Amino acid sequence: MASVEQVRASLALVGEHLRTAHQQLVEAAERLSEAHAILSEASRMHPRSLVPPELTKACDHAREQLTLLLGVMEAVERFSGRL
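Report follows, based on the coordinates. (Residues numbered from 1 in each chain as written. Predicted model: local features only at pLDDT ≥ 70, side-chain atom pairs only at ≥ 80, totals over all residues. Heavy atoms only, no water.)

## With respect to the environment of E77
- By the element assignment, E77 lies in helix α2 (residues 53-82).
- By relative accessible area, which is 56% here, E77 ends up exposed.
- With 62 residues separating them along the chain, E77 and G15 place their C-alpha atoms 7.7 Å apart. (Helix = DSSP H or I, 4+ residues; strand = E, 2+ residues; numbered from the N terminus. Buried < 20%, exposed > 50% of the residue type's maximum accessible area, 1.4 Å probe, protein only.)

What follows is the structure, given as structure tokens:
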């Protein structure tokens, strides 16, 4: 059976991985939004939108995943704090 210290150490490592994932996901969401904005601006000069529907879906999905990831991070912090 794992000691409380071992569980805390494992949760600390999980927290580090979650923070890294959060940083990377924030960066990806920003880049996706930038691409969307650029293509939206370029679309003003064209009769049809240059923004692929998949890009819009990817932007939405990245924001949803950020929300979920933040929830996981908070849950891990609360659990760790109760130990």
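## A closer look at the packing of helix α1 (residues 4-43) against α2
- Between α1 and α2, the least distance of the axes is 9 Å, while the angle of their chain directions is 160 degrees. Taken as axis vectors, α1 and α2 run roughly antiparallel relative to one another. Helix-helix and strand crossings are classified by hand; for α1 and α2 the assignment is left-handed.
- Its residues placed into classes, the contact of α1 with α2 shows 22 nonpolar, 6 polar and 2 charged. (Axes fitted to C-alpha atoms, helices over the stretch in contact; angles between N-to-C directions. Parallel < 35°, antiparallel > 145°, perpendicular 65-115°, else oblique. Left-handed = near helix turned anticlockwise from the far one by under 90°. Nonpolar A, V, L, I, M, F, W, Y, C, P; charged D, E, K, R; others polar.)

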